[in-house]
Amino acid sequence: MSESTIAERLRHIARELPPHTRLVAVSKGQGEIALREALQAGQRIFGENRVQEAQEKWPELKAAFPDCRLHLIGPLQSNKVKAALSFFDCIQTVDRPALVDVLAEALAKQDRAVEFLIQVNTGVEPQKAGVTPDAADALIALARQRGLAVTGLMCIPPAGEDPAPHFALLRAIALRNGLVELSMGMSGDYHIAAEEGATMVRIGTAIFGSRN
Ligand SMILES: *Cc1c(COP(=O)(O)O)cnc(C)c1O
C-alpha cells in the first residue's frame, strides 16, 4: 500500500470496476493533502460520514473543483439536517420515518437538488443503523410520498459474514421498488458488490490507506 500513490490506487480500482459501478471515495478521517491528490487524479465523488467534519474540510475544495459531489454515508441526526441539505449532493443514510419528516420539511425551505438513498440494515443488527428489510418498502413509499428524490438503497453487511446474500437482498428490495442505485461494497468486498450489481462502491482505506 505505502509504495503506491493515491492516484495509482484510484487508477487500479477504476480498472477493476465494471462500467455500471461508480466509485465513491470515502474521505472521512483524511486531510486536505490526500483529498487534493484524489481530486487532481480526477476523482469527483466523495463520501463523508460526519456533517461537521465535511463542513470543516470541504468548502474550499468544493470551490476549487465545482463538479465534485459529496455523499453523506454516516448517520444523520435531525438537528444536522439543515446543514446536511445545504452541503451534500446525496444523503445515503435515510433510515427512519422521523428523519423523512424532518428532511421533507427542510427541503421545502431550500432549492438545492439532493438525492437520497434508504439505508437498509440487511443483517438486522441491533447496533447498526438502517431500516430493517421488512420495513423498507414502507419507508421508501413514505419518503417518496413526502417528495424526497429517492434513487436507491445502501447497506453495510455484518462484519465477518459472507456479504453476497446481503447485497442480493438489497438488490431484490430495490428491484421490487423500482429503484436503480445500489450503494454497496467497501475496501474489503467491493469486487463481490460489483458482481452483485452495485452502482456505487464506497472505498476508503484501499485508496487512502488507514485513517487516523
Ligand atoms: C468508512 C466507510 C466506508 C469505507 O470503508 P473502507 O473499509 O475504508 O473502504 C464505506 N461505507 C461506510 C458507510 C463507511 O462508514
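The numbering scheme is per chain: residues are counted from 1 as the chain's sequence reads. In view of the model being predicted, local features appear only for residues whose pLDDT reaches at least 70, and side-chain atom pairs are presented and counted only at 80 or more, with totals across whole chains, interfaces and linings using the full set of residues. Hydrogens are left out, water is left out, and the side-chain values use all remaining heavy atoms of the structure.

## Points about the overall build of the chain
The helix and strand labels rest on DSSP assignments: H or I over at least four residues marks a helix, E over at least two residues marks a strand, and numbering proceeds from the N terminus. Within the chain, the regular secondary structure consists of 10 helices and 8 strands. The globule rule puts the C-alpha radius of gyration for 212 residues at 17 Å, and the 16 Å found for the chain is close to it. Taking the principal axes of the C-alpha coordinates as reference, the chain spans close to 50 × 40 × 30 Å. Here's how the labels work: a residue is buried when its accessible area is under 20% of the maximum for its type, exposed when over 50%, partly exposed in between, all with a 1.4 Å probe on protein chains only. Expressed as a percentage of its 212 residues, the buried residues of the chain come to 51%. Pairs at least 24 residues apart make up 60% of the contacts formed inside the chain by residues separated by at least 6 positions. Areas reported as accessible are Shrake-Rupley estimates using a 1.4 Å probe. Residue values count occlusion only from the protein chains shown. Accessible area for the chain stands at about 9,900 Å²; split by element, carbon and sulfur atoms hold 53% of it. The size measure is the radius of gyration over C-alpha atoms, and the globule rule it meets is 2.2 Å times the number of residues to the 0.38 power. Contacts are assigned to residue pairs with any non-hydrogen atoms lying within 4.5 Å of each other.

## Some words on the site of the ligand
Summary of the distance rule: residues count as near a molecule or strand when at least one heavy atom falls within 4 Å of that molecule or strand. Within the structure, the ligand sits among Val26, Lys28, Ile73, Met154, Ile156, Met186, Ser187, Arg202, Ile203, Gly204, Thr205 and Arg211. Each polar contact in these results corresponds to two N or O atoms within 3.5 Å; when the atoms are within protein, one needs to be able to donate a hydrogen and the other to accept it, and residues that are neighboring in sequence are counted only if both atoms are side-chain atoms. In this structure, Lys28 approaches the ligand through a side-chain N or O atom, which is 2.7 Å from an oxygen atom. Within the contact set of the ligand, an oxygen atom lies 2.8 Å away from a backbone nitrogen or oxygen of Gly204. Relative to its unbound accessible area of 390 Å², the ligand is 88% covered by the protein chains. Of the two site types, the cavity is a set of points on a 1 Å grid over the protein atoms alone where a 1.4 Å probe fits but cannot get out, and the pocket is an open set with protein on both sides within 12 Å along at least five of seven lines, each lined by residues with an atom within 4 Å of a point. Pocket or cavity membership: a molecule qualifies when more than half of its atoms sit within 2 Å of the grid points of that site. More than half of the atoms belonging to the ligand lie within 2 Å of the grid points that define the largest pocket. Residue polarity is assigned by list, with Asp, Glu, Lys and Arg as charged and Ala, Val, Leu, Ile, Met, Phe, Trp, Tyr, Cys and Pro as nonpolar; anything else, Gly included, falls into the polar class. Class assignment for the residues of the shell around the ligand results in 6 nonpolar, 3 polar and 3 charged.

## A word on helix 8 (residues 164–176)
A helix is expected to span 1.5 Å multiplied by its residue count minus one. Compared with the 18 Å implied by 1.5 Å per residue over 13 residues, the 19 Å span of helix 8 between its first and last C-alpha is a close match. All of the buried residues along helix 8 are Ala164, His166, Phe167, Leu170, Ile173 and Ala174. Positive phi shows up at Gly178, right after helix 8, with a value of about 65°.

## Focus: the pairing of strand 5 (residues 115–119)
Across the 5 residues that make up strand 5, a large majority, 4, are buried. Here strand 4 (residues 90–94) pairs with strand 5 via 3 bridges, running parallel. The partner of Ile91 across the bridge, within strand 5, is Phe116. Handedness of the β-α-β unit built from strand 4, helix 6 (residues 97–107) and strand 5 comes out right-handed. Strands qualify as paired when DSSP identifies two bridges or more between them. With 5 bridges joining them, strand 5 and strand 6 (residues 149–154) adopt parallel strand pairing. Each residue of the ladder has a partner; that of Leu117, found in strand 6, is Gly152. Look down the strands so they point away from you; if going from the first strand over the helix to the second traces a clockwise path, that crossover is right-handed.

## Observations regarding the nonpolar core
Buried residues of nine kinds, namely Ala, Val, Leu, Ile, Met, Phe, Trp, Tyr and Cys, make up a nonpolar core once their side-chain atoms join them within 4.5 Å. Formed by 61 residues in total, the largest nonpolar core has its most connected members in Trp58, Ile91 and Leu103. When residues in this core are grouped by element, the largest group, 6 residues, is from helix 6. Beyond its immediate stretch of four places on either side in the chain, Leu103 contacts Leu76, Val81, Leu85, Ile91, Val94, Phe116 and Leu148. Counting residues in hydrophobic clusters, the runner-up holds 6 residues, among them Val24, Leu117, Met154 and Met200.

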